[in-house]
Amino acid sequence: MEIKAFAPAKINLTLHVTGRRDDGYHLLDSLVVFADLGDRLTFTPGPELSMEVRGEFADGVPTDSRNLVWRAAEAVGWTGHIQLTKSLPHGAGIGGGSSDAAATLGALADQGHDLPQGLPLSLGADVPVCLEGRAIRMQGIGDRLTAVNLPHLPALLVNPNVQVPTGAVFNALASKENPPMPESTPEFENADECAQWLRNQRNDLQVPAMNVAPEIDQVLDELQMTNRALVVRMSGSGSTCFALYPTMKDAHFAAYEIGAAHPDWWCRATQLN
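Fair warning: this is a prediction, and the values are worked out from it, not measured in the lab.

A. Broad picture of the pattern of salt bridges. Under the criterion given, the structure shown has eleven salt bridges. A salt bridge links K86 to D39; the nearest nitrogen and oxygen atoms lie 2.6 Å apart. Taken together, the residues K86 in the loop between β5 (80-85) and α2 (96-110) and D39 in strand β3 (residues 26-45) connect sequence positions 47 residues apart. Considered together, K86 and D39 belong to a single accessibility category, that of buried residues. D64 is the partner of R66 in a salt bridge, and the nearest nitrogen-oxygen pair spans 2.9 Å. In this structure R66 comes out as exposed when scored by relative accessible area, which is 60%. It is possible to trace a salt-bridge network through shared partners that takes in D39, K86 and D100.

B. Main features of the side chain of T14. Locating T14 in the fold gives a position in the loop between β1 (3-12) and β2 (16-20). Beyond its immediate stretch of four places on either side in the chain, T14 contacts D29, S30, L31, M181, L198, Q201, R202 and R233.

C. Broad picture of α2. Across its 15 residues, α2 extends 21 Å between first and last C-alpha, which sits within 8% of the 21 Å expected from 1.5 Å per residue. Judged by how many residues are buried, α2 sits mostly within the fold: eleven of 15 residues are covered. Along α2, the positions that sit buried rather than exposed are G96, S98, S99, D100, A101, A102, A103, T104, L105, A107 and L108. For α2, the elements touching its buried residues are β1, β3, α1 (68-75), β5, α3 (119-123) and α4 (127-132). G112 occupies a position one or two residues after α2 and carries a positive phi of about 100°.

D. Structural detail: the layout of surface pockets. Looking at the largest pocket, its volume works out to about 950 Å³. What lines the largest pocket is a set of 41 residues, among which G95, S98, D126, T166 and S237 lie closest to the centre.

E. Highlighting the environment of D217. Relative to the helices and strands, D217 resides in helix α8 (residues 215-224). Assessed through its relative accessible area of 37%, D217 is described here as partly exposed. Remark: the alpha-carbon pair of D217 and Q196, spanning 21 residues in sequence, is separated by 22 Å.

F. Quick look at the pairing of strand β6 (residues 136-140). Burial analysis of β6 places five of its five residues in the buried class, the great majority of the element. Looking at chain direction, β3 and β6 are connected through five bridges and run antiparallel. In the sheet register, L31 faces β6, and the bridge partner there is R137. Summarising the sheet, β6 and strand β7 (residues 144-147) pair through four bridges and their orientation is antiparallel.

G. Highlighting the nonpolar core. Ranked by size, the top nonpolar core spans 64 residues in total, and within it L41, I82, L156, I216 and L223 carry the most contacts. Setting aside anything within four residues of it in sequence, one finds L156 in contact with L223, C241, F242, A243, Y245, A251, A254, A255, I258, C267, R268 and A269.

H. View of the side chain of R233. With respect to the helices and strands, the residue R233 is situated in strand β9 (residues 231-234). Buried charged residue R233 carries no salt bridge. Nearest counter-charge: D204, at 8.9 Å. Within polar-contact distance, the side chain of R233 engages the backbone oxygen of L198 at 2.8 Å. From its side chain, R233 meets the backbone oxygen of Q201 in a polar contact 2.9 Å long. Setting aside residues up to four positions removed in sequence, R233 forms contacts with L13, T14, L198, R199, Q201, R202, N203, Q206, L220, C241 and F242.

About the cut-offs
- Residues numbered from 1 in each chain as written.
- Predicted model: local features only at pLDDT ≥ 70, side-chain atom pairs only at ≥ 80, totals over all residues.
- Heavy atoms only, no water.
- Salt bridge = Lys/Arg side-chain N within 4 Å of Asp/Glu carboxyl O.
- Helix = DSSP H or I, 4+ residues; strand = E, 2+ residues; numbered from the N terminus.
- Buried < 20%, exposed > 50% of the residue type's maximum accessible area, 1.4 Å probe, protein only.
- Contact = heavy atoms within 4.5 Å.
- Expected span 1.5 Å × (residues − 1).
- 1 Å grid on protein atoms, 1.4 Å probe; cavity = no way out; pocket = protein on both sides within 12 Å on 5 of 7 lines; lining within 4 Å.
- Points joined across faces, edges and corners; volume = space filled by probe spheres on them.
- Pairing = 2+ DSSP bridges.
- Core = buried A, V, L, I, M, F, W, Y, C linked by side-chain atoms within 4.5 Å.
- Lys, Arg positive; Asp, Glu negative; His and termini not counted.
- Polar contact = N/O pair within 3.5 Å; in protein donor to acceptor, adjacent residues only side chain to side chain.

Functional significance is not addressed by these values, which are geometric in nature.
Below, the structure is given as structure tokens:
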């Protein structure tokens, strides 16, 4: 029997780098939400593990143990054929591979497979939060997760089709110790209230990512100029950027505007959370 799973895009509304451990892992304080768009997976049980990748962003995606999906299935002892349809760009700061791995773990756990303790985090710092799949405050190295209540957030995601290596961005970060977010996250009535609060927060990787990929600066400028944009920021370590809007109509209009001006960019209106 086929098993189907959805792996939504992960968006870091904030990303504060608050320190670095002796083992090299960075300490983060990040408010994470998920989009209503993402990759899709189909699992067909069988005697051996195999994998194929289809979709808009299939090129360059490994179909063996280099893929986190493969490693996640292997770790829980599942065998069969995995079909992954890639709709999210990779190297884009929206958790594509981590969300795929988390969707794999979630789907196979629902089928009765046990998840070994510590397995999600061992696959990557973003896998535990992606396994939650809802608005979360992520702290530490991705191991401290606190659920938060956020309103639905109409948004536009834009990627200039430039991959940004995470390691290069962290290496370009001038300060590894920066202030965290406020101790508590307020209750917001709507997207506008949430955006007002977000304007006082940061993504500490935004400036170093722009040094690695100057195209990010152009994307942020274009989003800032769209009508009724409430807050504009880069997600994760880049290169995807987002803007929040009062309504989905505003987000779709902005998507049309930027898509027409830059048909080579990945541009999607979506609802976050």
